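Examining the three-dimensional arrangement
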Amino acid sequence: MKAFRSKGYVCALDRRWECSRGTVDVYISPDYTKKMYAEYIDVSGGSSAKVQNCPQCIKGAVASLKQGLPGALAVFVKDASVRQQIVTFAMQGAGLPASGPSSTRDAKVGGYRLSTQGYSGATVGKNGRYATFYSTSVSIRGVSEY
């Protein structure tokens, strides 16, 4: 958590560590036998607007994940080439809608198992007042767990 706090993240513990900085969120589930190690992490990017229809929010969520993912991975993944492969994989699935047969993507990269489900979002409001939010994420686990 020190590494994330030093990068400007605000972290809180609620069954798992939740660290946020701007539109990037990192969820860290600690290993139950080795508390100083992460069992898995989820990194997500989000975007919102006070409008009913927000196609730019999808692009904003993908851009947010692309911007925040390398810094978050640097805390957990020491090999720079593996980090780049994870970012490349995440960006391939981040811009797809989280519905349909091709929405979920899985891969193994450098000792890690990766999964992305595409973007999803919601709009709430009435009487001309609306808010829309979209997010996209990637989950990273150690391959040895499978």
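See the structure above.
Here is what the cut-offs are and how they apply
Residues numbered from 1 in each chain as written. Predicted model: local features only at pLDDT ≥ 70, side-chain atom pairs only at ≥ 80, totals over all residues. Heavy atoms only, no water. Pairing = 2+ DSSP bridges. Helix = DSSP H or I, 4+ residues; strand = E, 2+ residues; numbered from the N terminus. Axes fitted to C-alpha atoms, helices over the stretch in contact; angles between N-to-C directions. Buried < 20%, exposed > 50% of the residue type's maximum accessible area, 1.4 Å probe, protein only. Contact = heavy atoms within 4.5 Å. Salt bridge = Lys/Arg side-chain N within 4 Å of Asp/Glu carboxyl O.

**Looking at the sheet that holds strand 6 (residues 112–126)**
Across the sheet, seven strands lie side by side as 1-2-3-4-7-6-5; this open sheet has antiparallel pairing. Each of the sheet's edge strands pairs with one partner strand only, and the pair in question is strand 1 (10–13) and strand 5 (105–109). Strand-to-strand twist of the sheet, defined as the mean angle between neighbouring strand axes without regard to direction, takes the value 20°. Here strand 2 (residues 17–21) pairs with strand 3 (residues 24–30) via five bridges, running antiparallel. By the bridge assignment for strand 3, glutamate 18 is matched with tyrosine 27.

**Focus: the side chain of serine 44**
Inspection of the secondary structure assignment puts serine 44 in strand 4 (residues 38–49). Judged by relative accessible area, serine 44 falls into the buried class, the value being 12%. Filtering out sequence-adjacent residues up to four positions away, serine 44 remains in contact with Thr23, Val24, Asp25, Tyr27, Leu65, Thr136 and Ser137.

**Structural notes on unusual backbone geometry**
A positive phi angle is found at asparagine 127, which is not glycine, with a value near 55°. Structurally, asparagine 127 can be placed in the loop between strand 6 and strand 7 (129–142).

**A few points about the pattern of salt bridges**
Taken as a whole and assessed by the stated rule, the structure comprises two salt bridges. A salt bridge links arginine 16 to aspartate 42; its shortest N-O distance comes to 3.7 Å. Within this pair, whereas arginine 16 is found in the loop between strand 1 and strand 2, its partner aspartate 42 is found in strand 4, the two being separated by 26 residues in sequence. On the basis of relative accessible area, aspartate 42 is assigned to the buried category, the value being 15%. Put simply, glutamate 39 and arginine 141 hold a salt bridge, and the shortest N to O gap is 3.8 Å. In this pair, glutamate 39 is assigned in strand 4 and arginine 141 in strand 7, connecting sequence segments 102 residues apart. Its relative accessible area of 23% is what places glutamate 39 among the partly exposed residues.

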